[in-house]
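# Tertiary structure, described
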Amino acid sequence: MLRSTDRFCLERIRSLFSNFRHNFQNKRSRSSRVTEDLIRRRAEHNECEIFSLEEVSLHQQDIERIEHLDRWCKELRILYLQNNLIPRIENVGRLKKLEYLNLALNNIEVIENLEGCESLQKLDLTVNFVGRLSSVESLRHNIHLRELFLVGNPCTQFEGYRQFVVAALPQLKSLDRTEISRSERIQASQGLEEARRRVAEQEQEYLRRRAEEKEEARRKEAGVEEEKKERKPGFDGRWYTDINNTVSPESEKENQELNENPKNPEEDEEQREREFWHTPCSFTPESRLEAYRHLEEKRRAKEK
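Predicted, not measured: the structure shown is a model, and the values here were computed from it. (Residues numbered from 1 in each chain as written. Predicted model: local features only at pLDDT ≥ 70, side-chain atom pairs only at ≥ 80, totals over all residues. Heavy atoms only, no water.)

### Some points on the side chain of R198
Assignment of secondary structure puts R198 in helix α6 (residues 192-230). Every residue in contact with R198, bar those within four places of it in the chain, is listed here: E159, G160 and Q163. (Helix = DSSP H or I, 4+ residues; strand = E, 2+ residues; numbered from the N terminus. Contact = heavy atoms within 4.5 Å.)

### A look at the sheet that holds strand β4 (residues 122-124)
Strand-to-strand pairing in sheets goes through backbone hydrogen bonds, with the strands running parallel or antiparallel. Read across the sheet, 7 strands follow the order β1-β2-β3-β4-β5-β6-β7 without closing on themselves; strand pairing throughout is mixed. The sheet terminates laterally at β1 (55-57) and β7 (178-179), the two strands that pair on one side only. Sheet topology places strand β5 (residues 147-149) next to strand β6 (residues 174-175); 2 bridges connect them, and they run parallel. Following the sheet pairing, L148 is matched in β6 by L175. (Pairing = 2+ DSSP bridges.)

### Focus on the confidence of the model for the chain
Confidence along the chain averages 81 in pLDDT terms, with 69% of residues attaining 70 or more. Confidence drops under a pLDDT of 50 for residues 1-10, and excluding neighbours within four residues, the segment shows 13 contacts in the predicted structure. (pLDDT = per-residue confidence, 0-100.)

### Quick notes on the nonpolar core
Membership of the largest hydrophobic core comes to 54 residues, with the highest contact counts inside it found for L114, L148 and V165. Counting only elements with at least two residues in this core, the list comes to α2 (36-41), α3 (69-72), α4 (161-168) and α6. If near-sequence neighbours (up to four positions away) are discounted, L114 is found in contact with I89, V92, L101, L120, L123, L139 and N142. (Core = buried A, V, L, I, M, F, W, Y, C linked by side-chain atoms within 4.5 Å. Buried < 20%, exposed > 50% of the residue type's maximum accessible area, 1.4 Å probe, protein only.)

### Some thoughts on the packing of aromatic side chains
Each aromatic ring pair is characterised by the separation of its centres together with the angle its planes make. Overall, the coordinates contain 2 aromatic pairs when judged by the stated rule. A ring pair is formed by Y80 and Y100, whose centres lie 5.6 Å apart and whose planes are at 85°; its orientation type is edge-to-face. In this pair, Y80 is assigned in strand β2 (residues 78-80) and Y100 in strand β3 (residues 100-102), connecting sequence segments 20 residues apart. Assessed through its relative accessible area of 21%, Y80 is described here as partly exposed. Classification of Y100 by relative accessible area gives buried; the value is 15%. Where F158 meets Y206, the ring centres are 6.4 Å apart and the plane angle is 65°; that geometry is what we call edge-to-face. Of the two residues, F158 sits in the loop between β5 and α4 while Y206 sits in helix α6, which places them 48 residues apart along the sequence. Here F158 and Y206 have matching classes, each one buried. (Phe/Tyr/Trp six-rings, centres within 6.5 Å; stacked < 30°, edge-to-face > 60°.)

### Observations concerning unusual backbone geometry
Despite not being glycine, N83 has its phi angle at roughly 60°, a positive value. Turning to its location among the elements, N83 is positioned in the loop between β2 and β3. Within the chain, N91 stands out as a residue other than glycine whose phi angle is a positive 55°. In this structure, N91 sits in the loop between β2 and β3. Residue class for N91 comes out partly exposed when judged on its relative accessible area of 30%.

### Some details on the environment of A195
Among the structural elements, A195 can be located in helix α6. Owing to a relative accessible area of 1%, A195 belongs among the buried residues under this scheme. Sequence separation between A195 and A168 is 27 residues, and the spatial gap between their C-alpha atoms is 10.0 Å. Ignoring any residue separated from it by four or fewer positions in sequence, one finds A195 in contact with Q163 and F164.

### As for the pattern of salt bridges
Following the criterion strictly, the structure yields 29 salt bridges and no others. In this structure, R88 engages E112 in a salt bridge whose closest nitrogen and oxygen atoms are separated by 3.0 Å. Pair noted here: R88 is in the loop between β2 and β3 and E112 is in the loop between β3 and β4, with a separation of 24 residues, a long-range link. A relative accessible area of 39% places R88 in the partly exposed class. (Salt bridge = Lys/Arg side-chain N within 4 Å of Asp/Glu carboxyl O.)

### Quick word on α4
Of all 8 residues in α4, 6 are buried; the element is thus mostly enclosed. Those residues of α4 not exposed but buried are Y161, F164, V165, V166, A167 and A168.

### A word on the packing of α4 against helix α5 (residues 182-190)
At a closest axis distance of 8 Å, the pairing of α4 and α5 adopts a crossing angle of 95°. Taken as axis vectors, α4 and α5 run roughly perpendicular relative to one another. Here R162, Q163, V166 and A167 of α4 lie close against α5, whose contacting residues are E184, R185, Q187, A188 and S189. Residues that form the contact of α4 with α5 fall into these classes: 3 nonpolar, 3 polar and 3 charged. (Axes fitted to C-alpha atoms, helices over the stretch in contact; angles between N-to-C directions. Parallel < 35°, antiparallel > 145°, perpendicular 65-115°, else oblique. Nonpolar A, V, L, I, M, F, W, Y, C, P; charged D, E, K, R; others polar.)

### What to know about the environment of N106
Note that N106 resides in the loop between β3 and β4. Linking N106 and D62, residues 44 residues apart in sequence, is a C-alpha distance of 9.8 Å. Not counting residues up to four positions away in its chain, the partners in contact with N106 are L81, Q82, N83, N84, L85, I86, V127, N128, F129 and R288. There is a polar contact of 3.0 Å between the side chain of N106 and the backbone oxygen of L81. (Polar contact = N/O pair within 3.5 Å; in protein donor to acceptor, adjacent residues only side chain to side chain.)

Rendered as C-alpha cells:
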C-alpha cells in the first residue's frame, strides 16, 4: 500500500512530465544562466536592488547551474529555484542568512555544499535524483535545520531510509511533511549503525545502476548524433546516406516506391514526435535533459 508521501511523490512526478512540454513550448526566451539582469527583473518588489534582496524566485528559468547568488545577494533569506535543470548544489555557501532553499524538481543527485548556510531551517529537494542517502549527513552542520523534503528521490525507496535520516539529523523536526516524534528519534538513534550499514549496501547497488544508466544515455546520444551526420538531403527532399553509392536492386525498388508514394515531411515529423514522447524511458537526469534539448531544438527550428 502506498504511503501518503508516496502518493504525493507520484503526483509530483506525473505533473512534472505532463506540464514539461507545455512549459517549454510556451516559454519566452528564458535564460539557462543566472544573470544580473534576470535577478533584477525578479527583484521588482525590492526596487530592482539586488544587494539587499531577501527573497527571490528563480523557478522555471531553465537554469543549469547555481552561480553568482552568494556574491550578489548575501542578504537572501528565501531562495526559490524549483523546476529548473540544476544538477548540483553549489555556490550558496556564503548565504549565511538563508533560511529556506527550494530546489524541488531539479536534477540533483547529492546533498552537498550547504555547510556554510548557517541559518538554514527548511530544505526542499522534492523529486530530484538523490541516490546517495549517506550525503544527508552533510546537513549535520546545519544545526537550525528543522524541515527536510526528500519525497520523490530514489533514496526514499531504501530500506531504513526514514530511520537513517531521523537518526543522522537529530535537529530535524519534520521529514517529508511528517513530524518526528521523540519516541521515533530514540528508536532510530539506537539502530543507527545497522541502518548505516544497510544504507551503504543499497547505495552501492544504486550507484551501479546509475553508472549503467549514464552509459546507456551516452550511447543513445552518440547514436543520435551519428544519425544526424549520416542523413543528408537529396535533390528530391528525401534523405540519403551517400548519393555516390551504387544503387542495389532493393534500393532501386524502394526509390521507385518512394517516387510513386512520396512521404510527407510533416507526417514524418509528427511520427518522430510521437515516437520520442511515447517511447518508454527511465526517469533520470539524462532523460529530463534529453526532453529539454529536444524541445529547445524544436523551438529554435520554428523561430528560423
